[in-house]
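This is what each chain is made of:
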Amino acid sequence: MKILAIESSCDDTAAAVVEDGREVLSSVIASQVPEHILYGGVVPEIASRRHCESISSVVKKALDDADLSIEDIDAVACTYAPGLIGALLVGVNFAKGLSYCTGKPLIPVHHLRGHIASNYITDKELKPPFLALVVSGGHTHIINVKSYTDYEVIGRTRDDAAGEAMDKAARTMGLPYPGGLNMDMVATDGDPYSYKFPSPKVQDAELDFSFSGLKTAVINLVHNLTQKGEEIDVKNIGASFMYCVVNCLCDRTERAINKIHPERLVLAGGVSANSVLRREMKKLAEKYDIELYMPELKYCGDNAAMVGSQAYYEYQDNKIATLKLNATAALDIDKNTKI
Ligand code: KG4
Ligand code: ZN
């Protein structure tokens, strides 16, 4: 089954053709990063406009690269939640239009389910059940993935997502957007023990995260140094901050492993590209002798191939939408919208 998938939840306009959930026949991404860099972060109104401008050509290129025409496609899929509402609407409406004029089924995909599915593309043998740590710019979740479409969130952030905290800390240190990625590049060989940051825990919720205090600590440190006219040691502050975020992520994941006793551990979301997180997750998996799955770097960030992969399993589960499908800015991964 060949699925044409569309992703437009944030600042990437993406389209892909994926066969049977596992084989990527094409994957096209039009990134808006160069424009959002000017503002230090994503400007939602600009993101929506750029999606409108590029979606037709991105979808056409995905079909061309796969050497297919729309008649060869069996279904159309799109990310419908969660994300920037104006951005999501562009992909959802384009997909609805394609579904209407071709008569092909329309499959709605939750963005985080898509991130998890990026691992089905990278590792063709991976099947649920498994424990997943999903870390992106907007979400930080520990999820018990029971089947391809059945999820139980067992840990989540109470405030900022890990990626959001990294982006804001990086911006304060003068690094360009996307901060997490740039911090990773600048701080790789910094000393992670040179600065001490708090490692907050959430009372009575041992699997939950809290990153806002940590983010504020680094912002205060940078402001203090600036006021004193001292140099900002981006490499070492970045390394210490990143190490602290990764420690929190690994600590909660370890607790979840001890609770669920999974055979497989899966990492997903934009922050799964982080070099320190990948290294420390490997150590954790080795310690508990469980198999670790991480997406190939090109599928860590937002892309439509992951949406096409998950769509295949949503289709098997009869999750086919009518043309009443709407975009939703906030929706838990374990919920289904009225389709
Ligand atoms: O999944 P994603 O592409 O978009 C959302 O769904 O949010 O994640 C974007 C996040 C941003 O916060 C970005 O800074 C972060 O992923 N990110 C990284 C790295 N690459 C991207 N964070 C840390 N290290 C990286 N190498
Ligand atoms: Zn994402």
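Rules used throughout
Residues numbered from 1 in each chain as written. Chains lettered and ligands numbered in written order. Predicted model: local features only at pLDDT ≥ 70, side-chain atom pairs only at ≥ 80, totals over all residues. Heavy atoms only, no water. Helix = DSSP H or I, 4+ residues; strand = E, 2+ residues; numbered from the N terminus. Donors = N, O, S within 2.8 Å, 3.2 Å for Na, K, Ca; no water. Buried < 20%, exposed > 50% of the residue type's maximum accessible area, 1.4 Å probe, protein only. Patch = residues over 30% accessible without salt bridge, like charges linked within 9 Å, V, L, I, M, F, W, Y side chains within 5 Å. Areas by Shrake-Rupley, 256 points an atom, 1.4 Å probe, with all protein chains shown as cover. Salt bridge = Lys/Arg side-chain N within 4 Å of Asp/Glu carboxyl O. Pairing = 2+ DSSP bridges. Axes fitted to C-alpha atoms, helices over the stretch in contact; angles between N-to-C directions. Contact = heavy atoms within 4.5 Å. Domains from an automatic or database assignment. Buried area = accessible area lost by both parts, 1.4 Å probe. Polar contact = N/O pair within 3.5 Å; in protein donor to acceptor, adjacent residues only side chain to side chain. Nonpolar A, V, L, I, M, F, W, Y, C, P; charged D, E, K, R; others polar.

Engineer: Any details on unusual backbone geometry? Residues and values, ideally.
Structural biologist: Here the amide bond leading from P128 into P129 is cis, since omega sits at 5°, within 30 degrees of zero. The residue after Y177, namely P178, is reached through a cis peptide bond having omega -5°. Structurally, the position occupied by P178 is in the loop between α5 (162-172) and α6 (179-187). For D20, which is not a glycine, the phi torsion comes out positive at approximately 50°. Position of D20 relative to the elements: it lies in the loop between β2 (12-19) and β3 (23-31). Despite not being glycine, D67 has its phi angle at roughly 60°, a positive value. Among the structural elements, D67 can be located in the loop between α2 (44-65) and β4 (75-81).

Engineer: I'd like to hear about the coordination of the zinc ion (ligand 2), residue by residue, with values.
Structural biologist: Around the zinc ion (ligand 2), the protein contributes the donor atoms H111 (NE2), H115 (NE2) and D302 (OD), at 2.0 to 2.1 Å from the metal centre. Mapped onto the sequence, the residues coordinating the zinc ion (ligand 2) show the spacing H-x3-H-x186-D. Of this pair, H111 and H115 both sit in helix α4 (residues 111-122), four residues apart, which is roughly one turn of the helix. For H115, a relative accessible area of 1% puts it in the buried group.

Engineer: Break down a nonpolar patch on the surface for me, with residues and values.
Structural biologist: Taken together, the side chains of L181, M185 and V186 present a nonpolar region at the surface, about 280 Å² in accessible area. Positionally, M185 belongs in helix α6.

Engineer: Explain the sheet that holds strand β6 (residues 130-135) to me, using residue names and the numbers behind them.
Structural biologist: Reading across from one edge, β8-β7-β6-β9-β10 is the order of the five strands in this open sheet, with mixed pairing throughout. For this open sheet the edge positions go to β8 (150-156) and β10 (291-293), each flanked by a neighbour on one side alone. Across this sheet, the average inter-strand angle for adjacent strands is 25°, counted without regard to direction. Across the sheet, helix α8 (residues 234-260) is in contact with β6, β7 (140-147), β8 and β9 (264-268); its angle to β6 comes to roughly 160°.

Engineer: Give a description of the domain arrangement of the chain that names residues and reports values.
Structural biologist: Much of the literature gives interface size as the accessible area that the parts lose upon coming together. If you check the domain split of the chain, you get domain 1 (2-116 + 299-316) and domain 2 (128-298). Opposite the 21 residues of domain 1 that make contact, domain 2 presents 24 residues. Across the domain 1 to domain 2 interface the summed buried area is about 1800 Å²; carbon plus sulfur atoms make up 69%. For domain 1, the biggest contributors to the area lost against domain 2 are I116, Y299 and C300; these three give 40% of the whole. Run the count over domain 1 and domain 2 and you get zero salt bridges. The interface formed by domain 1 and domain 2 holds 10 residue pairs in polar contact (both at pLDDT 80 or more) in total. Looking at the side of domain 1 that touches domain 2, the elements with two or more residues in it are α1 (33-36), α4 and α10 (305-316). Among the elements that make up the side of domain 1 that touches domain 2, the one with the highest residue count is α4 (four residues). Tallied by class, residues from the side of domain 1 that touches domain 2 come to 10 nonpolar, seven polar and four charged.

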